[in-house]
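# Structure at a glance
Chain residues, written in single-letter form:
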Amino acid sequence: MARFLKKSKQEIGRSPDELIFKGDQKIDQVQLRIIDFDSTNLSEDALKTVSDIVAFQHKNTVTWLNVDGLHNTAVMLEITKVFDLDTLVMAEVLNTDARPRMIEYDNCDLITLKMLSLDEATGKTHVENLSIILTENVLISFQENRGDVFEPVRERIRKQKKRIRNGGTDYLTFALLDIVVDNYLYVISVLGEKIETLEENLLLNPSEKVIYQINDYKRELNFLRKIVKPAKEMIFSITKADSDFITESTDVHFKELQDNISHANDAADYYREILSDQLNIYHTTISSKLNDIIKFLTVFSVIFIPLTFIAGIYGTNFEYVPELSFKYSYFIMWIVMIIIAIGMLLFFKRKKWF
Amino acid sequence: MARFLKKSKQEIGRSPDELIFKGDQKIDQVQLRIIDFDSTNLSEDALKTVSDIVAFQHKNTVTWLNVDGLHNTAVMLEITKVFDLDTLVMAEVLNTDARPRMIEYDNCDLITLKMLSLDEATGKTHVENLSIILTENVLISFQENRGDVFEPVRERIRKQKKRIRNGGTDYLTFALLDIVVDNYLYVISVLGEKIETLEENLLLNPSEKVIYQINDYKRELNFLRKIVKPAKEMIFSITKADSDFITESTDVHFKELQDNISHANDAADYYREILSDQLNIYHTTISSKLNDIIKFLTVFSVIFIPLTFIAGIYGTNFEYVPELSFKYSYFIMWIVMIIIAIGMLLFFKRKKWF
Amino acid sequence: MARFLKKSKQEIGRSPDELIFKGDQKIDQVQLRIIDFDSTNLSEDALKTVSDIVAFQHKNTVTWLNVDGLHNTAVMLEITKVFDLDTLVMAEVLNTDARPRMIEYDNCDLITLKMLSLDEATGKTHVENLSIILTENVLISFQENRGDVFEPVRERIRKQKKRIRNGGTDYLTFALLDIVVDNYLYVISVLGEKIETLEENLLLNPSEKVIYQINDYKRELNFLRKIVKPAKEMIFSITKADSDFITESTDVHFKELQDNISHANDAADYYREILSDQLNIYHTTISSKLNDIIKFLTVFSVIFIPLTFIAGIYGTNFEYVPELSFKYSYFIMWIVMIIIAIGMLLFFKRKKWF
Amino acid sequence: MARFLKKSKQEIGRSPDELIFKGDQKIDQVQLRIIDFDSTNLSEDALKTVSDIVAFQHKNTVTWLNVDGLHNTAVMLEITKVFDLDTLVMAEVLNTDARPRMIEYDNCDLITLKMLSLDEATGKTHVENLSIILTENVLISFQENRGDVFEPVRERIRKQKKRIRNGGTDYLTFALLDIVVDNYLYVISVLGEKIETLEENLLLNPSEKVIYQINDYKRELNFLRKIVKPAKEMIFSITKADSDFITESTDVHFKELQDNISHANDAADYYREILSDQLNIYHTTISSKLNDIIKFLTVFSVIFIPLTFIAGIYGTNFEYVPELSFKYSYFIMWIVMIIIAIGMLLFFKRKKWF
Amino acid sequence: MARFLKKSKQEIGRSPDELIFKGDQKIDQVQLRIIDFDSTNLSEDALKTVSDIVAFQHKNTVTWLNVDGLHNTAVMLEITKVFDLDTLVMAEVLNTDARPRMIEYDNCDLITLKMLSLDEATGKTHVENLSIILTENVLISFQENRGDVFEPVRERIRKQKKRIRNGGTDYLTFALLDIVVDNYLYVISVLGEKIETLEENLLLNPSEKVIYQINDYKRELNFLRKIVKPAKEMIFSITKADSDFITESTDVHFKELQDNISHANDAADYYREILSDQLNIYHTTISSKLNDIIKFLTVFSVIFIPLTFIAGIYGTNFEYVPELSFKYSYFIMWIVMIIIAIGMLLFFKRKKWF
């Protein structure tokens with residue numbers, strides 16, 4: 001899992017429009033994929049250089065440029081020029097460590113948030129920054145890595161799904177964010193299933209491993225919550241923002257998005273409480289076991305302590321110990337000892353110590 | 001109890017108007033029941049096909065169509081067509097795993113929330129999704145299962161109760177939601193009674209079972225709270241929503257609904273604190289018992305330790321131990337031992353260790 | 001203490017205007033007391049039937065009808081008719097298990113909240129539902145039980161206190177609510193005194209009883225808080241409500257009421273934190289005592305363990321143990337033992353174990 | 001420390017304008033001090049009777065009447081008459097147990113809050129109620145006790161400080177409240193210093209006293225927080241109140257006051273968390289010590305248990321124990337014992353038990 | 001780390017415009033540095049006296065005066081006069097112990113907040129108060145110490161960075177605050193890295209030192225949170241403030257600043273929860289270790305207790321103990337002992353005690 005906050009001394013005091021990519025390079029080459037469509041036409045291509053896009057822009061269609069990899073500042077600068085963006089906007093795109101946010105600029109909106117994806121093989125959650133620049137006709141999405149997470153949207157575009165082909169860049173924005181939020185729900189749901197499974201093991205076999213598992217899950221959940229919560233704030237701010245590029249016709253979809261991200265948030269809170277309860281059960285089971293052990297030790301010791309003492313008494317070498325020479329002393333001693341032991345047991349029974 | 005969050009990988013990236021039922025099929029066949037009424041007339045029937053409803057619609061009456069079972073997408077699609085609904089609306093109805101919400105569409109409102117019902121036989125709580133589509137004259141309610149939970153409302157309609165027969169679809173909506181909220185209150189009340197009963201057992205007989213019971217109740221309460229809280233938000237949003245289909249005349253009823261759901265919420269919070277306190281009592285009782293045991297062990301051991309030591313001393317086989325040959329040594333040893341024991345007891349008494 | 005939430009299965013789905021009293025009957029017969037006054041005139045009487053009130057109504061005075069006992073539905077229905085109230089209003093009055101609320105109806109306001117009173121003899125707190133129906137000239141108050149809690153207000157009316165005799169039904173409402181809130185403050189103050197007294201005992205004599213007392217107080221406080229908090233919300237909503245029947249002239253009084261109920265709320269929170277701290281002190285005292293005991297056991301055992309071992313060594317019956325036959329062996333053994341004991345003591349001293 | 005909430009049964013149901021002083025009389029005689037000033041003139045005097053003030057009133061200056069002692073209802077009533085106040089206002093002044101509040105009456109504003117002062121000798125915090133009645137030209141301040149807490153303000157007036165001499169009653173109000181808030185900060189700061197000092201002792205010498213000190217500080221802090229928080233609410237409500245007597249020119253000062261009281265509130269919260277952490281350290285230190293002791297006991301016992309057992313074996317008096325007669329048995333026993341002891345030590349070392 | 005709250009008795013009751021520096025003098029001499037620039041011209045100098053600034057003021061450029069050291073009241077007074085400021089403003093600048101705040105005065109705005117910087121050598125965090133006085137053309141920044149924290153901004157001005165040279169004092173304010181917030185992020189990030197490193201040690205080697213480290217980090221984090229939270233409030237209030245000197249063109253930058261400070265706040269919260277979880281792991285590891293030890297002690301003692309007892313029995317000196325004279329008694333005793341020991345081990349095994 002990535003570190004929650006990274007900030008190097010070198011970054012302090014930089015101009016807000018300086019184009020410096022502070023993240024790790026996760027891909028060899030920046031890849032540019034373009035889809036251009038309206039309700040009837042569709043063209044899709046991989047671009048070699050940014051300037052090739054000119055063929056697509058300015059038409060009365062929706063142009064979606066997807067950029068995988070942020071490390072090549074030259075490409076980024078070119079995008080800025082081609083789309084006439086403020087360098088401020090691109091600097092924000094490159095600042096992959098920032099908080100999810102929606103900023104409205106003069107001629108575009110910027111939406112950034114964290115994208116989660118679960119690596120099914122390793123079970124690890126990958127975090128990646130997603131930025132979306134949104135204008136009237138153009139949507140540019142930036143991912144750190146080459147991923148196929150948006151493939152379902154491309155499929156829907158290709159299959160002529162009515163809604164997405166008739167919608168503008170705002171509907172496309174919704175479709176992308178919807179996938180991100182669905183991934184949140186999915187990641188939390190997978191973790192949630194592990195947590196609910198853990199619960200059964202907990203009662204059957206409370207080994208020490210469980211505590212580390214609980215703590216692992218707790219930490220992962222904390223991490224997810226800190227991703228989901230600001231994303232929720234951001235998504236709620238989109239509809240409030242009264243942006244020029246998001247029309248009222250998509251309100252109903254963004255409302256749904258709000259409900260979904262709230263659901264993700266609720267689920268994270270819910271599982272967090274479950275984990276706290278599990279920790280409680282674990283501690284109780286452990287301390288109840290310790291109780292049993294201590295009780296056993298006590299009962300056992302306490303029964304033998306006086307018996308051993310009596311044996312010790314008659315092991316002394318005094319010359320005049322009248323009991324020693326009496327013929328049945330040894331047997332009487334045994335009887336006394338058995339009476340003491342039984343008495344003790346009855347006493348403990350009454351005290352409900354075992 | 002159902003899992004709190006389910007989200008499969010396949011669902012990610014679907015178009016929001018795709019009609020796919022993701023829940024479990026809980027009923028063999030979709031059942032359609034219709035009641036059509038105004039203040040004077042009433043007709044009630046079970047429909048075979050959706051199209052049979054045409055006979056009822058368009059009249060100046062309130063038409064309530066109740067649909068049990070969501071798994072038959074064809075039927076759902078037919079409903080969409082007959083009532084001229086957006087497929088978006090129906091997709092929401094089928095998405096039974098979503099958060100309680102109220103969405104206003106162009107020609108209808110959609111209200112979804114979780115319905116709780118207590119199975120008296122098993123003591124288990126069933127969760128089911130309820131969706132209500134609301135237009136000027138038509139109310140369509142969707143349940144996952146065939147249930148008789150709304151029977152009292154049907155009874156009130158049949159018995160010509162003035163208010164419900166004169167009211168519109170908005171009053172009918174209130175009546176249905178009122179039953180749902182009453183069920184929340186009932187389920188919490190039944191759980192609350194168990195919790196209050198537990199309290200008495202806790203002090204009399206703090207066995208280990210109690211901790212599992214407390215944890216069971218806690219988990220169930222957590223689950224209920226996560227159902228009730230978003231439902232509360234949703235119900236408060238209804239009156240704020242300024243919907244076309246909910247008139248001011250029902251404001252006083254929705255206000256009452258708000259108070260009731262707040263009451264349910266308060267009660268859940270209240271019982272949660274009670275459970276926390278019970279956990280506290282349990283831990284204190286247990287640790288106080290352990291204290292007693294350890295004290296007893298200490299007092300007992302500490303008294304015998306020096307006595308056994310003394311006996312050991314005179315069990316040594318040294319040739320020259322002057323005390324051994326003295327005639328009253330043995331008796332003196334006993335006296336010394338008794339003095340030591342009494343001294344110890346007084347010491348512990350002063351220390352208030354028993 | 002009454003159960004926090006009661007909801008029977010039978011209540012689910014009832015029409016909101018059905019007049020059914022769900023509480024316990026606490027009084028034999030419904031009692032009706034009337035006071036009618038303006039700044040100069042005053043008449044006071046006990047009514048036999050509701051219709052007798054006609055003599056009082058319609059005059060230009062303030063009419064206060066106090067109803068003790070809610071179980072007689074016939075009487076309630078008569079009141080509804082005489083004062084031309086919606087049956088909804090009366091149904092709310094009978095629903096004594098509801099949350100404190102203020103509802104504005106067309107021709108009246110309804111205020112309901114819980115009334116607390118302390119039974120000085122038993123030290124128990126009684127909870128009772130109070131409903132106030134408020135119109136321009138008439139105030140009807142409903143209590144479950146015959147109580148003299150409003151007697152001071154009657155006294156003030158009788159004694160021609162300027163303010164109350166010149167005020168309208170809104171001032172009278174304030175006067176009644178003021179008494180209710182004063183009772184909240186009183187009940188919390190009495191409990192608070194017990195809690196502050198407990199604190200001193202806690203340090204002197206931390207017996208096991210204390211924990212049960214703390215838990216009793218905690219539960220009672222929880223209960224009070226759940227009564228006070230919604231009452232606070234309700235009282236704050238009165239001034240916001242912009243009701244027709246509450247004039248601006250009483251604003252300053254309702255502001256005071258808000259401050260008082262906030263004060264009650266603060267006090268409940270304050271005592272709650274005190275109780276948590278007390279629980280902490282208790283646990284610390286107990287565990288510190290256990291520490292002492294275990295330390296004592298350890299020090300004591302550890303000193304005698306090697307001594308007893310040495311004695312055991314020379315209690316063996318080997319034929320050739322050279323020390324046994326040496327004349328001063330026994331005395332040397334004693335000296336060695338004393339040295340070991342002192343060494344141990346010094347070691348523990350250095351370790352600060354006693 | 002004073003009790004947080006006092007409410008006697010007798011107070012319930014009193015008319016809100018009844019003049020009854022419920023506090024303790026803290027001073028022999030009510031003292032009246034007057035300062036009258038504008039930017040050029042200043043007169044200062046101690047009044048014998050309230051009516052003497054007539055000489056000062058009605059002039060176009062700021063008149064500040066300070067009243068020490070509230071127990072003489074006759075004097076209070078006279079003040080009411082001389083300044084033409086509603087008896088409601090004075091009843092509020094006498095109700096010293098109320099929550100900090102600002103109430104706007106027709107011809108005056110009332111501000112009440114708790115004043116804290118630290119008795120440097122005893123280290124105790126005194127709580128006193130301060131009420132300020134504010135009109136266009138007159139400010140009346142009521143204290144329960146004769147105190148010199150406002151002396152710095154008088155000094156500033158006497159020394160012709162420009163701002164205070166040019167300001168109106170609103171600036172004077174600010175100056176008085178500023179002193180009160182400064183005292184809050186001072187009291188919290190002194191307590192804070194103790195808490196920060198405690199921290200160092202905690203690590204060096206975690207005696208049982210520390211826990212009582214932590215609890216004392218915690219309780220005192222709780223008490224302070226419950227004083228500061230409503231005072232903060234009150235001060236924030238002053239600027240919102242849009243009062244006739246507080247002009248915009250003092251806005252910047254009241255803003256500062258808000259910041260200061262927020263700072264006091266923050267500090268109290270900060271120290272509260274510090275105390276919680278200290279409690280944590282204490283518990284950890286204690287339980288870590290107990291761990292050490294138990295480990296020591298275990299290691300020590302476990303080493304000697306088998307040795308003592310062996311000695312016991314050869315202390316038996318069986319007639320045929322072959323080892324007994326073997327010449328080097330005794331020495332072999334010692335060697336075996338030493339090997340066992342060393343083995344045990346190595347085992348514990350590997351287990352990292354010491 | 002500096003104390004959180006300092007307030008001396010002497011400060012109480014001072015006039016709000018009195019110029020008294022209450023902090024520690026951290027620098028020998030007050031240093032004045034000036035930069036004056038517009039998009040084309042730039043002059044930079046160190047001033048000897050405040051009056052030298054007259055050469056720069058009144059021009060149509062941005063004038064930035066940086067003051068290091070606050071202890072020389074005479075200099076401060078001169079600044080007040082030269083820039084025609086209210087002494088109130090300067091008194092606020094000198095009050096370095098106040099809460100972060102933004103105050104709007106008639107002819108200037110004042111922004112104060114805490115500046116954090118990390119001393120890389122010692123690892124300690126330095127706290128310093130920063131005040132910024134802002135007018136149309138002049139920005140005066142006050143630091144307690146001579147620091148080079150703002151050097152990057154100076155560099156950007158010198159290097160003719162377009163944005164800063166074209167911006168007004170409001171953009172310069174943003175640039176300075178941006179550095180402060182970046183330092184917050186940096187300090188928290190460094191602490192966060194330590195905390196995440198600690199986590200790994202925790203599981204490998206849970207020594208007692210860890211608990212002190214956790215507590216150190218916790219305290220430092222608490223301190224940071226109490227710095228960051230009011231700074232966040234302050235920064236959010238800047239954009240709301242509708243100040244004359246902050247133009248809309250910088251809105252997008254202040255929005256970014258809000259996101260950054262929120263990110264800092266989130267990170268602090270995140271690490272706080274991590275620390276709580278670590279404390280939990282530590283406690284669990286420790287108590288699990290104690291459990292192991294106690295189990296070992298119990299098992300070991302319990303096995304030897306009956307064996308030692310048996311040996312004791314046959315060490316008694318009774319004259320008639322039939323077993324003693326039987327030839328194989330000794331060997332039978334050994335066999336019995338071994339059987340008992342094995343039985344015990346099996347019993348413990350079944351109980352899962354080791």
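Keep in mind that what you see is a predicted model, and the values were worked out from it rather than measured.

## Points about the pairing of strand E2 (residues 42–47) of chain A
All names here are of chain A. Relative to E2, strand E1 (residues 31–37) runs antiparallel, the two sharing six bridges. Paired with phenylalanine 37 across the strands is leucine 42, a residue of E2. Hairpin geometry of E1 and E2 is characterised by an intervening segment of four residues between the two adjacent antiparallel strands.

## Notes on the sheet that holds E2 of chain A
Residues and elements named next belong to chain A. Spatially, E2-E1-E3-E7-E6-E5-E4 is the arrangement adopted by the seven strands of the open sheet, whose pairing is mixed. Both edges of this open sheet fall to E2 and strand E4 (101–104), since each of them pairs with a single strand only. Each neighbouring strand pair of the sheet contributes to a mean axis angle of 20°, computed without reference to strand direction. Bridging between strand E3 (residues 62–68) and strand E7 (residues 138–143) involves six bridges; their strand directions are parallel. Its bridge partner lying in E7, threonine 63 is registered against valine 138.

## Looking at the relation of the copies chain C and chain B
Each of the two chain copies goes to the other by way of a rotation about an axis and a shift along it. Expressed as a screw transformation, the operator carrying chain C onto chain B has a rotation angle of 72° and an axial translation of 0.0 Å, and the superposed copies differ by an RMSD of 0.1 Å. This pairing of chains is accounted for by a five-fold axis. When C-alpha distances to the rotation axis are compared across chain C, the minimum falls at glycine 315 of chain C, with a value of 4.7 Å.

## Considering the confidence of the model for chain A
Averaged over all residues, the pLDDT of chain A is 88; the fraction at 70 or higher stands at 97%. The ipTM value of the predicted complex is 0.82, and its pTM value is 0.85.

## Digging into the pattern of salt bridges
Taken as a whole, this structure holds 105 salt bridges over all chains when the rule is applied. Here aspartate 68 of chain B and arginine 146 of chain B are joined by a salt bridge, their closest N and O atoms 3.9 Å apart. You can see aspartate 68 of chain B sitting in strand E3 (residues 62–68) and its partner arginine 146 of chain B sitting in the loop between strand E7 (138–143) and helix H3 (151–158), a full 78 residues away along the chain. For aspartate 17 of chain E, the salt bridge goes to arginine 163 of chain D, with nearest N and O atoms at 2.8 Å. Placement of the pair is aspartate 17 of chain E in the segment before strand E1 (31–37) and arginine 163 of chain D in helix H4 (residues 162–166), with the two residues belonging to separate chains.

## So, a nonpolar patch on the surface
All names here are of chain A. A contiguous nonpolar patch, built from Phe326, Tyr328, Phe331, Ile332 and Val336 and spanning about 470 Å² of accessible area, is present on the exposed surface. Structurally, isoleucine 332 is set in helix H9 (residues 329–350). Classification of isoleucine 332 as partly exposed rests on a relative accessible area of 40%.

## Side note on the domain arrangement of chain A
Along its sequence, chain A is organised into domain 1 (15–284) and domain 2 (291–350). For domain 1 of chain A and domain 2 of chain A, the distance between their C-alpha centres works out to 76 Å.

## Here's the deal with the interface of chain C and chain B
If you look at the interface, chain C gives 71 residues, while chain B gives 69 residues. When the two sides are added together, the surface that chain C and chain B hide from each other amounts to roughly 6,200 Å², 63% of it contributed by carbon and sulfur. Remark: the boundary between chain C and chain B carries nine salt bridges. Inspection of the chain C/chain B interface yields 21 residue pairs in polar contact (both at pLDDT 80 or more). Going through the elements one at a time, helix H2 (87–94), strand E4 (101–104), helix H6 (208–240), helix H7 (251–313), helix H8 (322–325) and helix H9 (329–350) of chain C are the ones with two or more residues in the side of chain C that touches chain B. Ranked by residues supplied to the side of chain C that touches chain B, first place goes to H7 of chain C with 18 residues.

## What to know about the interface of chain C and chain D
Taken together, the 69 residues of chain C in the interface contact 71 residues of chain D. Both sides of the chain C and chain D interface together cover about 6,100 Å² of buried area, and 63% of this is carbon and sulfur. Of all residues in chain C, the largest losses of buried area upon contact with chain D belong to Tyr270, Phe309 and Phe318 of chain C, amounting jointly to 11% of the total for that side. The tally of links between chain C and chain D comes to nine salt bridges. For the salt bridge of aspartate 182 of chain C with lysine 7 of chain D, the shortest nitrogen-to-oxygen distance reads 3.0 Å.

## Section: the environment of aspartate 28 of chain B
In this fold, aspartate 28 of chain B is placed in the segment before strand E1 (31–37). Note: C-alpha distance between aspartate 28 of chain B and glycine 69 of chain B (41 residues apart in sequence) is 7.9 Å.

## Examining the side chain of arginine 165 of chain A
All names here are of chain A. Along the chain, arginine 165 turns up in helix H4 (residues 162–166). Although buried, arginine 165 forms no salt bridge, and the nearest oppositely charged side chain, aspartate 38, lies 5.4 Å from it. Within polar-contact distance, the side chain of arginine 165 engages the backbone oxygen of threonine 40 at 3.5 Å. Of the polar contacts made by the side chain of arginine 165, one reaches the backbone oxygen of asparagine 41; its length is 3.2 Å. Among all residues touching arginine 165, those that are not within four sequence positions of it are Phe37, Asp38, Ser39, Thr40, Asn41, Leu42, Ile157, Arg158 and Gln160.

## Here we look at the nonpolar core
If you look at the biggest cluster of nonpolar residues, it comprises 352 residues, and the most contacted ones within it are Tyr184 of chain A, Tyr184 of chain B, Tyr184 of chain C together with Tyr184 of chain D. With 19 residues, the single largest contributor to this core is helix H5 (residues 169–204) of chain A. Tyrosine 184 of chain A has contacts with Leu113, Lys114, Leu116, Ile227, Val228, Ala231, Ile261 and Ala264 of chain A, leaving out every residue within four places of it along the chain. Ile305 and Val321 of chain A, Leu297 of chain B together with Trp353 of chain D belong to the second-largest nonpolar core, a separate cluster that totals 120 residues.

## Topic: the side chain of aspartate 178 of chain C
When you line up the elements, aspartate 178 of chain C lands in helix H5 (residues 169–204). As a buried residue without a salt bridge, aspartate 178 of chain C has its nearest oppositely charged side chain in arginine 156 of chain C, at a separation of 5.4 Å. Excluding its chain neighbours within four sequence positions, the residues that come into contact with aspartate 178 of chain C are Leu257 and Asn260 of chain C together with Arg14 of chain D.

## What to know about a negative patch on the surface
Residue and element names in this part refer to chain A. Taken together, the side chains of Glu104, Glu136, Asp242 and Asp244 define an acidic patch exposed on the protein surface. Its place among the elements puts aspartate 242 in the loop between helix H6 (208–240) and helix H7 (251–313). Using a relative accessible area of 64% as the deciding quantity, one classes aspartate 242 as exposed.

## Description of the packing of aromatic side chains
A full pass over the atoms with the stated rule returns 85 aromatic pairs over all chains. Ring centres of phenylalanine 300 of chain D and phenylalanine 304 of chain D lie 5.3 Å apart, and the angle between their planes is 35°; on these two criteria the pair is classed as tilted. In this pair, phenylalanine 300 of chain D and phenylalanine 304 of chain D are both assigned in helix H7 (residues 251–313), four residues apart and thus about one turn of the helix distant. The residues phenylalanine 300 of chain D and phenylalanine 304 of chain D share a single accessibility class, namely buried. Of the aromatic side chains, those joined through ring pairs into one cluster are Phe296, Phe300, Phe304, Tyr314, Tyr330, Phe331 and Trp334 of chain A together with Phe309, Phe318, Phe347 and Phe348 of chain E. Just above the ring of tyrosine 320 of chain A sits the side chain of lysine 327 of chain B; from NZ or CZ to the centre is 6.0 Å.

What counts, and at which threshold
Residues numbered from 1 in each chain as written. Chains lettered and ligands numbered in written order. Predicted model: local features only at pLDDT ≥ 70, side-chain atom pairs only at ≥ 80, totals over all residues. Heavy atoms only, no water. Pairing = 2+ DSSP bridges. Helix = DSSP H or I, 4+ residues; strand = E, 2+ residues; numbered from the N terminus. Axes fitted to C-alpha atoms, helices over the stretch in contact; angles between N-to-C directions. Least-squares fit on C-alpha atoms with pLDDT ≥ 70 in both. pLDDT = per-residue confidence, 0-100. Salt bridge = Lys/Arg side-chain N within 4 Å of Asp/Glu carboxyl O. Patch = residues over 30% accessible without salt bridge, like charges linked within 9 Å, V, L, I, M, F, W, Y side chains within 5 Å. Areas by Shrake-Rupley, 256 points an atom, 1.4 Å probe, with all protein chains shown as cover. Buried < 20%, exposed > 50% of the residue type's maximum accessible area, 1.4 Å probe, protein only. Domains from an automatic or database assignment. Contact = heavy atoms within 4.5 Å. Buried area = accessible area lost by both parts, 1.4 Å probe. Polar contact = N/O pair within 3.5 Å; in protein donor to acceptor, adjacent residues only side chain to side chain. Lys, Arg positive; Asp, Glu negative; His and termini not counted. Core = buried A, V, L, I, M, F, W, Y, C linked by side-chain atoms within 4.5 Å. Charge placed at Lys NZ, Arg CZ, Asp CG, Glu CD. Phe/Tyr/Trp six-rings, centres within 6.5 Å; stacked < 30°, edge-to-face > 60°. Lys NZ or Arg CZ within 6 Å of the ring centre and 35° of its normal.

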